Amino acid sequence: MLSIETDMHDGTWLHIVEQTFPDGHILFTALDITRLRQPERMLRLERDIALKMASTDPLTGISNRAHIMRYLDDRIAAVRTDSGTPTTAVVIDIDHFKQINDRFGHVAGDDVLRSFARTIRAGLRTCDAFGRIGGEEFLILFPGHGSDCAERALARIRDDMATRSLIADHPAYRVDFSAGLTQVRGCDTVSAVYARADRALYAAKSAGRGRLRLAS
């Protein structure tokens, strides 16, 4: 006798028993056990929601700081294991974001953050990681990409950003960003990568904003 439990496409759970008789006939019996499975399904759903909330920035819906930094740590380990596979880390900051809040209000500022995150995410590969570090600062990780490829990707994103209005009530207003890039090294720590990219970002903003700078 064979006994299994299986879930159907519509969410129904069945307990199926297969019984073979001496004359060769086979009897299948299916019992609907959906109600018995509901507590287990609710626990899984609650677990999945909790995991998503723990790793997601609530405003933009992308990775939060803790999650993107954990992924950066994973990339450092990957580079250490296979030094021939590069990863480029990019810290991005929205230019003149304080002026956006002061001029249009914090609700508009939140809208800009959400729209900015959507625009960036749309310009990345599915394997690229993207998270909000805090405020108007973001981190992108390009696994398998050196700095040249990362710069080209950012240039495409900047061109796309220049055609978009991120503030619905002020369609003529355009948002730009500055970025600091660094190559991830196998000997790195998370804080070391972030510090190099942040210094490069500061250099980009000091040079007049709307620029990219590669850390030395």
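One can find the structure itself at the top, above this paragraph.
Rules of the game
- Residues numbered from 1 in each chain as written.
- Predicted model: local features only at pLDDT ≥ 70, side-chain atom pairs only at ≥ 80, totals over all residues.
- Heavy atoms only, no water.
- Salt bridge = Lys/Arg side-chain N within 4 Å of Asp/Glu carboxyl O.
- Helix = DSSP H or I, 4+ residues; strand = E, 2+ residues; numbered from the N terminus.
- Buried < 20%, exposed > 50% of the residue type's maximum accessible area, 1.4 Å probe, protein only.
- Phe/Tyr/Trp six-rings, centres within 6.5 Å; stacked < 30°, edge-to-face > 60°.
- Pairing = 2+ DSSP bridges.
- Axes fitted to C-alpha atoms, helices over the stretch in contact; angles between N-to-C directions.
- Contact = heavy atoms within 4.5 Å.
- Core = buried A, V, L, I, M, F, W, Y, C linked by side-chain atoms within 4.5 Å.
- Lys, Arg positive; Asp, Glu negative; His and termini not counted.
- Expected span 1.5 Å × (residues − 1).

Asks: How would you explain the pattern of salt bridges if you had to name every residue and give the values?
Replies: Should their charged atoms come close, side chains of opposite charge can pair. Tallied over the entire structure, the rule returns nine salt bridges. Here D176 makes a salt bridge to R158, at a shortest N to O gap of 2.3 Å. Residue D176 is located in the loop between helix 5 (147-162) and strand 7 (177-183), and its partner R158 is located in helix 5; the two are separated by 18 residues in the primary sequence. The residue R196 makes a salt bridge to D188 at a minimum N-O spacing of 2.8 Å. Exposure remark for R196: the relative accessible area of 6% places this residue in the buried category.

Asks: Give me the lowdown on the packing of aromatic side chains, citing residues and values where you can.
Replies: In total, this model carries four aromatic pairs according to the counting rule given. Look at F116 and F138: their rings are 5.3 Å apart centre to centre, the planes differ by 40 degrees, and that puts the pair in the tilted class. Taken as a pair, F116 in helix 4 (residues 106-122) and F138 in strand 6 (residues 137-143) lie far apart in primary sequence, 22 residues in all. Across the pair, exposure class does not vary: F116 and F138 are buried alike. Here a set of aromatic residues connected by ring pairs shows up, and it is made of F116, F130, F138 and F177.

Asks: I'd like a rundown of the sheet that holds strand 6, residues and numbers included.
Replies: Taken together, five strands build an open sheet; the order of strands is 5-6-4-7-8 and the sheet is mixed. Unpaired on one side and paired on the other, strand 5 (129-134) and strand 8 (212-214) mark the two borders of the sheet. Between one strand and the next, the sheet's axes are offset by a mean angle of 20 degrees, whatever the strand orientation. The sheet contact formed by strand 4 (residues 87-94) and strand 7 spans seven bridges and is antiparallel. Looking at the pairing, A89 lines up with T182 of strand 7. The sheet contacts of helix 4 involve strand 4, strand 5, strand 6 and strand 7, and relative to strand 4 the element is tilted by about 150 degrees. Each of strand 4, strand 5, strand 6, strand 7 and strand 8 touches helix 6 (residues 190-206); the most contacted strand, strand 7, lies at about 140 degrees to it.

Asks: If you had to explain the nonpolar core to someone new, which residues and values would you point to?
Replies: Grouped together as the largest cluster of nonpolar side chains are 31 residues, with contacts concentrated most on I92, F116, I120, F138 and I140. Of all the secondary-structure elements, those providing two or more residues to this core are strand 4, helix 3 (97-104), helix 4, strand 6, helix 5 and strand 7. No other element matches helix 4, which puts six residues into this core. If near-sequence neighbours (up to four positions away) are discounted, I92 is found in contact with F116, I120, E136, E137, F138, I140, L154, F177, S178 and A179. Core analysis: the second largest hydrophobic core is formed by 15 residues, L72, V79, A129 and V193 among them.

Asks: Lay out the side chain of R75 with the relevant residues and their values.
Replies: Tracing the chain through its elements places R75 in helix 2 (residues 65-81). In this structure R75 is buried but unpaired, with D74 as the nearest side chain of opposite charge at 7.9 Å. Filtering out sequence-adjacent residues up to four positions away, R75 remains in contact with T85, T87, L141 and P143.

Asks: Let's hear about the pairing of strand 6: which residues, and what values?
Replies: Burial within strand 6 is extensive, with seven of its seven residues counted as buried. Burial along strand 6 is two-sided: E137, L139, L141 and P143 facing one way and F138, I140 and F142 facing the other are all buried. Where strand 4 and strand 6 come together, seven bridges link them in antiparallel fashion. Along strand 6, the bridge assignment pairs T87 with P143. Where strand 5 meets strand 6, five bridges bridge the pair, whose relative direction is antiparallel. For F130, the partnering residue across the bridge sits in strand 6 and is I140. Between strand 5 and strand 6, which pair antiparallel and follow one another directly, the connecting turn spans two residues, one of which, G135, has a positive phi of 55 degrees.

Asks: With reference to specific residues and values, describe helix 4.
Replies: In this model, helix 4 (17 residues) spans 24 Å end to end at C-alpha, consistent with the 24 Å of a helix rising 1.5 Å per residue. Regarding helix 4, the residues found buried are A108, G109, V112, L113, S115, F116, A117, T119 and I120. Along its buried surface, helix 4 packs onto strand 4, helix 3, strand 5, strand 6, helix 5 and strand 7.

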